[in-house]
Amino acid sequence: MQAWICDEPTGPDALTWKDIPTPEPTKGHVRVAIKAASLNFPDLLIVQGKYQMKPNPPFVPGAEFAGVVEAVGEGVTHLKPGMSVAGFAGLGGFGTHTVAPAALLMPLPPAFSFEDGAAFLCTYGTSYHGLMDRAALKAGETVLVLGAAGGVGTAAIQIAKAAGAKVIAAASSDEKCALCKELGADATINYSTGNLRDELKVLTEGKGPDVIYDPVGGDLAEQAFRSIAWRGRYLVIGFAQGEIPAIPLNLPLLKGASIMGVFWGEFAKREPQNNAACLMQLAAWYMEGKIKPVVEQKMPMSQLKEAFTLMGSRKVRGKLVLTND
């Protein structure tokens, strides 16, 4: 097999495409021939050595992938060779094959393309866990989605709309805002040119959003939190802007608001049955046409370094997917 190897986590330039032995699955594991893999922001942080999980090199990055089961290890009964699956294993996706725990793989329904499968679990799992589980979003409530044109942002728009909420999508350009409207957002804010707090006040008639979904962090966080509704729920998804914000704790006190961490990967490990129920609902919504990953660009697996450059520029709308021919 072939894979991108990280010998030193100093950034994408240190990655090398190498021939390595094709592994055999051990007990409880499955070997998958990878057809597609998607980029998530943590993938970039991992190869830069900046993520909370710091694997020992050498390792193959790539958390999220889809492909075909080639072989199964002892004790695996629900997956068979030839089945199409999607996986979120944390590592191993940027190559031609990977071995992953069977428990981290989801069988793909026949209508699921490999590209959609590779762009599904992390973004939609995170967004569903955040909005529906942590924030207990109700129909008729208002959700503010920051970084709304990115992978988790586009998923959050679709899930909030499927749940019957009003969505205000905030993004950094008019082009990104236009995409959010296409996905069903009720209103948009370009926070590069407009005042976030002023526009939220108008759009919510002074009430503020009930739920704030924030994968961006940085200087937007406090601005958004100061606009939150009474009993609002602020979802900490990530820090794409690079800076981890420090929100004054008097703000949640004054608004009776909650700050909620959203770590879908850990939720999936600690609460596998609850996670399985979430994924079943998401798969049903996909089959009903209510949600569908936004795949802005497809590139061959050999162009991983160029894909990382695009992701780092924050110009990608939706997800960027790499494919093996």
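Okay, so let's go over this structure. (Residues numbered from 1 in each chain as written. Predicted model: local features only at pLDDT ≥ 70, side-chain atom pairs only at ≥ 80, totals over all residues. Heavy atoms only, no water.)

With respect to the overall build of the protein
Moving on, step 1. A tally of helices and strands in the protein yields eleven helices and 15 strands.
Moving on, step 2. For 325 residues, the compact-globule formula gives about 20 Å, and the C-alpha radius of gyration of the protein, at 20 Å, lands near that figure.
Moving on, step 3. Each principal axis of the C-alpha distribution contributes one length, and for the protein these read about 60 × 40 × 35 Å.
Moving on, step 4. Counting only residues that meet the buried cut, the protein has 54% of its 325 residues in that class.
Moving on, step 5. Of all intrachain contacts in the protein linking residues separated by at least 6 positions in sequence, the fraction that spans at least 24 positions is 69%. (Helix = DSSP H or I, 4+ residues; strand = E, 2+ residues; numbered from the N terminus. Rg over C-alpha atoms; globule rule 2.2 N^0.38 Å. Buried < 20%, exposed > 50% of the residue type's maximum accessible area, 1.4 Å probe, protein only. Contact = heavy atoms within 4.5 Å.)

Comments concerning the pattern of salt bridges
Moving on, step 1. Within the structure shown, the criterion is met by twelve salt bridges.
Moving on, step 2. The shortest N-O distance in the salt bridge between lysine 319 and glutamate 64 comes to 3.1 Å. Of this pair, lysine 319 sits in strand β15 (residues 319–323) while glutamate 64 is found in strand β4 (residues 64–72), placing the two residues 255 residues apart along the sequence. Just as lysine 319 is buried, glutamate 64 falls in that class too.
Moving on, step 3. Connected via shared salt-bridge partners are Glu24, Arg31 and Glu70. (Salt bridge = Lys/Arg side-chain N within 4 Å of Asp/Glu carboxyl O.)

With respect to helix α4 (residues 151–162)
Every α-helical turn comprises 3.6 residues, leaving residues that sit three or four positions apart pointing alike.
Moving on, step 1. Compared with the 16 Å implied by 1.5 Å per residue over twelve residues, the 17 Å span of α4 between its first and last C-alpha is a close match.
Moving on, step 2. Across the twelve residues that make up α4, a large majority, ten, are buried.
Moving on, step 3. Within α4, burial applies to Gly151, Val152, Gly153, Thr154, Ala155, Ala156, Ile157, Gln158, Ile159 and Ala160.
Moving on, step 4. Immediately downstream of α4, the backbone of glycine 164 shows phi near 90°, a positive value. (Expected span 1.5 Å × (residues − 1).)

Quick word on the sheet that holds strand β13 (residues 258–261)
Moving on, step 1. An order of β10-β9-β8-β11-β12-β13 is seen for the six strands of this open sheet, with the pairing classed as parallel. Only two strands of the sheet have a single partner each, and these edge strands are β10 (187–190) and β13. Strand-to-strand twist across the sheet, computed as the mean angle between neighbouring axes with direction ignored, equals 20°.
Moving on, step 2. Pairing of strand β11 (residues 211–214) with strand β12 (residues 233–236) involves four bridges; the strand directions are parallel. Its bridge partner lying in β12, valine 211 is registered against arginine 233.
Moving on, step 3. Relative to the sheet, helix α5 (residues 174–182) contacts β9 (166–171) and β10, its axis offset from that of β10 by approximately 165°. (Pairing = 2+ DSSP bridges. Axes fitted to C-alpha atoms, helices over the stretch in contact; angles between N-to-C directions.)

Brief notes about the packing of helix α3 (residues 121–134) against helix α10 (residues 272–287)
Moving on, step 1. Between α3 and α10, the least distance of the axes is 10 Å, while the angle of their chain directions is 110°. Looking at the two axes, α3 sits roughly perpendicular to α10. Along this stretch, α3 crosses α10, giving a crossing that reads as right-handed. Contacts from Leu121, Tyr124, Gly125 and Tyr128 in α3 reach Cys278, Leu279, Gln281, Leu282 and Trp285 in α10. (Parallel < 35°, antiparallel > 145°, perpendicular 65-115°, else oblique. Left-handed = near helix turned anticlockwise from the far one by under 90°.)

Examining the side chain of threonine 98
Moving on, step 1. Of note, threonine 98 is situated in strand β6 (residues 97–101).
Moving on, step 2. Within the structure, the side chain of threonine 98 is placed 3.3 Å from the backbone oxygen of glycine 92, a separation counted as a polar contact. (Polar contact = N/O pair within 3.5 Å; in protein donor to acceptor, adjacent residues only side chain to side chain.)

With respect to the pairing of strand β14 (residues 295–300)
Moving on, step 1. Relative to β15, β14 runs parallel, the two being bridged by five bridges. Bridge pairing links proline 300 to threonine 323 in β15.
Moving on, step 2. Between β14 and its parallel partner β15, the chain crosses via helix α11 (residues 304–312), and the hand of that crossover is right-handed. (Right-handed = clockwise from strand over helix to strand, strands pointing away.)

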